[in-house]
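Structure at a glance
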Amino acid sequence: MSIPFGEYPEDRVVNIRNRVYKLELTCFMCPEQWDVFSNFFDKVGYIRLRHGEFRVDYPDCGGKTLIAECVDEHGDGAFDNEEIRNVYLLKAVKAIDEEILNQNPSLWRQLKNSLITFLRRFG
């Protein structure tokens, strides 16, 4: 799955569970950094690749670390190619989305009710 570009090549948009996240590239290399916004306004995440370490913090740098793993032992602070970048950016947004749901149990209920309504209508 690829992540579509936004209006500018350094912007990307991801839709997960009918919630839209915008990824904005803030530094392209050494480290490669992205800010994540929910509904385009609220900052909900920080993504960074530095010296081969991939890290995702919620809701911002220095917040709760959701992912910290080695992507490339010899990394220089940028993803090797677009395919790898998309895999890790999507992984990051999924982790952020999961944390948002865990922090807001009412969103889980809304999601469950939406799914039940959908299944009744088309099931």
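Here is a short report on the structure shown in this document. (Residues numbered from 1 in each chain as written. Predicted model: local features only at pLDDT ≥ 70, side-chain atom pairs only at ≥ 80, totals over all residues. Heavy atoms only, no water.)

Side chains of Leu115, Phe118, Leu119 and Phe122 sit close together on the surface and give an oily, nonpolar patch of about 440 Å² of accessible area. On the secondary structure map, Leu115 appears in helix 2 (residues 105-122). Overall, Leu115 belongs to the partly exposed group, its relative accessible area being 48%. (Patch = residues over 30% accessible without salt bridge, like charges linked within 9 Å, V, L, I, M, F, W, Y side chains within 5 Å. Areas by Shrake-Rupley, 256 points an atom, 1.4 Å probe, with all protein chains shown as cover. Salt bridge = Lys/Arg side-chain N within 4 Å of Asp/Glu carboxyl O. Helix = DSSP H or I, 4+ residues; strand = E, 2+ residues; numbered from the N terminus. Buried < 20%, exposed > 50% of the residue type's maximum accessible area, 1.4 Å probe, protein only.)

Let's shift gears to the nonpolar core. Among the nonpolar cores identified, the biggest contains 22 residues, and Leu23, Ile47 and Phe54 are the most heavily contacted of them. Listed by contribution, the elements that provide at least two residues to this core are strand 1 (11-16), strand 2 (19-28), strand 3 (32-38), strand 4 (42-50), strand 5 (53-58) and helix 1 (82-103). If one sorts the elements of this core by residue count, helix 1 sits on top with eight residues. Each residue touching Phe54, except ones within four places of it in the same chain, is listed here: Ile47, Arg48, Leu49, Ile67, Ala68, Glu69, Val71, Phe79, Tyr88 and Ala92. (Core = buried A, V, L, I, M, F, W, Y, C linked by side-chain atoms within 4.5 Å. Contact = heavy atoms within 4.5 Å.)

The next point concerns helix 1. If you check helix 1, its first and last C-alpha atoms are 31 Å apart, about what 22 residues at 1.5 Å a residue would give, namely 32 Å. The distance from a side-chain oxygen at the start of helix 1 to the backbone nitrogen of Glu83 is 3.0 Å, and the residue carrying that oxygen is Asn81. (Expected span 1.5 Å × (residues − 1). Polar contact = N/O pair within 3.5 Å; in protein donor to acceptor, adjacent residues only side chain to side chain.)

Before going further, it helps to spend a moment on the sheet that holds strand 5. In spatial order, the strands read 1-2-3-4-5-6; together these six strands make up an open sheet with antiparallel pairing. Looking at strand neighbours, the two that pair on one side only are strand 1 and strand 6 (64-70), the edges of this open sheet. Across this sheet, the average inter-strand angle for adjacent strands is 20 degrees, counted without regard to direction. Bridge count between strand 1 and strand 2: six bridges; the pairing is antiparallel. Bridging across to strand 2, Arg12 finds its partner in Leu23. (Pairing = 2+ DSSP bridges. Axes fitted to C-alpha atoms, helices over the stretch in contact; angles between N-to-C directions.)

Moving on, we get to the pairing of strand 3. Burial analysis of strand 3 places seven of its seven residues in the buried class, which makes it a mostly covered element. Side chains Glu32, Trp34, Val36 and Ser38 of strand 3 all project onto a buried face; the interleaved residues Gln33, Asp35 and Phe37 project onto the opposite face, where all are buried too. Two strands pair when backbone bridges link them, and strand 2 and strand 3 are joined in this way by seven bridges, in the antiparallel orientation. The residue bridging Lys22 from the neighbouring strand is Phe37, located in strand 3. Hairpin geometry of strand 2 and strand 3 is characterised by an intervening segment of three residues between the two adjacent antiparallel strands and by a positive phi of about 60 degrees at Cys30. As judged from the seven bridges shared by strand 3 and strand 4, these two strands associate in the antiparallel manner. From the neighbouring strand, Val36 faces strand 4, where its bridge partner is Gly45.

With that out of the way, let us pick up the packing of aromatic side chains. With the rule as written, the count across this model stands at three aromatic pairs. Judged by centre distance (5.0 Å) and plane angle (65 degrees), the ring pair of Phe54 and Tyr88 falls under edge-to-face. Of this pair, Phe54 sits in strand 5 while Tyr88 sits in helix 1; the two residues are 34 residues apart in sequence, bridging distant segments of the chain. Exposure remark for Phe54: the relative accessible area of 0% places this residue in the buried category. When its relative accessible area of 18% is taken as the criterion, Tyr88 is described as buried. (Phe/Tyr/Trp six-rings, centres within 6.5 Å; stacked < 30°, edge-to-face > 60°.)

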